[in-house]
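# Fold and contact review
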Amino acid sequence: MQKFKAFIICILIILINSCKEEESYVYKCEDGAVQFELLNDDLNPGASLKDPKNFDIDYEVIQNDDELYQKLFIHYLKKKIDFKTKSLIVISIENVTRASVMTQNVTANCARNKLTITADLRYWSTPIGGIDYVFAIVPKIPYNTEIAFIPKYIR
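Read on for an overview of the structure. All values derive from a computational prediction rather than experimental measurement.

## Notes on the packing of aromatic side chains
- Within this structure, the stated rule accounts for two aromatic pairs.
- Between Y123 and Y153, the aromatic rings sit 4.8 Å apart at their centres with planes inclined by 5°, giving stacked as the arrangement. Residue Y123 is located in strand 7 (residues 114-123), and its partner Y153 is located in strand 9 (residues 146-154); the two are separated by 30 residues in the primary sequence.
- A relative accessible area of 30% places Y153 in the partly exposed class.

What follows is the structure, given as structure tokens:
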């Protein structure tokens, strides 16, 4: 009888511990270059914000699937983003002449709780104004992370 009680107690402890919620993924900041992915594995993936702000440069941090489809028009999504471990940063830039992203990188400044995205942009040959976008899928970041963007226009 004593062994049976011990067995039942062990089963209850296992059940209680297995019912605990998973801890949410927390980004462990390290200064310097941040590994990132491109949306649709493309520098210019054919997506845009549904409601871009009226600023020259603005950004959105998308943290889940609901926000992804509420905030973005995506013509074709090639891969699913794992929002448990990743965040999508979308930067919108209003240009007098449209531009395409040629290269980009992401760096972290942990003391300032800041990510900086730099991108080389090449102007189109036709002088048509509009909004261009830079996308970066980064390790999951907190909502209060500051995002900075530094564009460099190349010929």
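## Regarding the sheet that holds strand 1 (residues 32-33)
- Taken in spatial order, the four strands line up as 1-6-7-9 in an open sheet, and their pairing is mixed. With partners counted over all chains shown, the strands left at the sheet margins are strand 1 and strand 9, one partner each.

## Quick word on the state of the cysteines
- Summed over the entire model, instances satisfying the criterion amount to one disulfide.
- A sulfur-sulfur distance of 2.0 Å marks the disulfide that ties C29 to C110. Linking C29 and C110, the disulfide has an S-S dihedral of approximately -90° and is accordingly described as left-handed. Remark: C110 occurs in the loop between strand 6 (99-109) and strand 7 and C29 occurs in the loop between helix 1 (2-18) and strand 1; sequence separation between them is 81 residues.
- Overall, the relative accessible area of 27% leaves C110 in the partly exposed class.

About the thresholds
- By convention here, each chain's residues receive numbers from 1 onward along its written sequence.
- A pLDDT threshold of at least 70 governs which residues receive local features in this predicted model, and a stricter bar of 80 or more applies before side-chain atom pairs are shown or counted, although totals over entire chains, interfaces and linings include all residues.
- Remark: hydrogens and water are excluded; side-chain values derive from all non-hydrogen atoms of the structure.
- Any two rings among Phe, Tyr and Trp, with Trp reduced to its six-membered ring, count as a pair given centres within 6.5 Å; such a pair is stacked if its planes are under 30 degrees apart, edge-to-face if over 60, and tilted if neither.
- Numbering of helices and strands runs from the N terminus; a helix is a DSSP stretch of H or I covering at least four residues, while a strand is a stretch of E covering at least two.
- Buried, partly exposed and exposed residues are distinguished by accessible area as a fraction of the type maximum, computed with a 1.4 Å probe on protein chains only: under 20%, between the cut-offs, and over 50%, respectively.
- Strands pair, by our definition, only if DSSP identifies at least two bridges between them.
- Note on disulfides: each one is a pair of cysteine sulfur atoms within 2.5 Å.

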